[in-house]
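# Topology and contacts: notes
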Amino acid sequence: MGQDPSSLPVMTSSLSQKLRYPLIGLLVLMIVIISGFFYFDTFFSIPVQMNDVKIDSNAALKLNVLNQISKKNGITEWALKATSATLLKNEDKAVLIDVSIIFFTRDNQKIQLTSREGILHTKTHDMIFSDTVVVTYETSVLRTDKLHYNKKEHIIYSDTHVTLEKGNSVIEADSMTTRLNDNYTILKGHVRGNFSEKFDVQ
């Protein structure tokens with residue numbers, strides 16, 4: 001039997017009604033997505049402003065911890081550690097905080113140095129230590145406010161007041177030089193203190 005032609009419009013109308021709501025919903029969803037895209041695009045295109053941020057124009061890089069070893073002809077001359085290091089632009093130097101360094105003598109003896117601040121010249125590896133400088137070698141302890149290290153000669157020296165303690169003996173001087181490879185110290189300028197004839201500054 002053939003289908004009644006009079007029922008076709010009714011079926012078509014019913015099908016159109018069923019499809020209308022999903023199409024309307026899809027259209028609304030597309031409008032929401034497009035509107036959201038333009039909103040967020042506009043929002044993120046606005047420059048972000050940061051307040052109370054200070055940038056040191058002299059600092060090129062800051063390290064939380066610095067560990068460095070210097071060798072010459074395969075022999076370790078010193079091993080350095082600092083809790084932070086700030087490398088400065090165009091100055092070839094690093095500003096160190098809480099410095100701890102071990103110097104090695106030619107016969108592999110160790111001399112320990114600590115200071116609160118320091119400067120490492122990154123090209124020459126010369127150094128300056130300041131603020132509570134303490135140098136320890138075996139039973140001898142040297143204290144000063146400022147001390148220099150010369151890598152080429154492998155010496156440490158101070159042009160400021162120094163105090164050298166060994167056991168119960170104490171010596172003060174206006175300057176000092178320690179030749180690390182030769183393992184001896186020279187004190188100069190108003191050398192004074194309490195020490196016995198057996199006191200040896202080496």
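All of the points below concern the structure found in this document. Here the structure is a predicted model, which is why all the values come from computation and not from measurement.

## Comments concerning the overall build of the protein
Helices and strands together make up the secondary structure of the protein, namely one helix and 13 strands. Counting helices and strands in the order they occur from the N terminus, the protein gives α-β-β-β-β-β-β-β-β-β-β-β-β-β. Across the 202 residues of the protein, 27% fall into the buried class. Residue pairs in contact within the protein that sit at least 24 positions apart in sequence constitute 34% of those at least 6 positions apart.

## Focus on unusual backbone geometry
Even without a glycine there, the phi angle at D92 is positive, about 55 degrees. Of note, D92 is situated in the loop between β3 (75–88) and β4 (93–104). Under the relative-accessibility criterion, D92 is labelled partly exposed at 37%. Even without being glycine, H190 reaches a positive phi, approximately 50 degrees. Secondary-structure assignment places H190 in the loop between β12 (184–188) and β13 (192–194).

Thresholds applied
Residues numbered from 1 in each chain as written. Predicted model: local features only at pLDDT ≥ 70, side-chain atom pairs only at ≥ 80, totals over all residues. Heavy atoms only, no water. Helix = DSSP H or I, 4+ residues; strand = E, 2+ residues; numbered from the N terminus. Buried < 20%, exposed > 50% of the residue type's maximum accessible area, 1.4 Å probe, protein only. Contact = heavy atoms within 4.5 Å.

Purely geometric stuff here, so don't read any function into it on its own.
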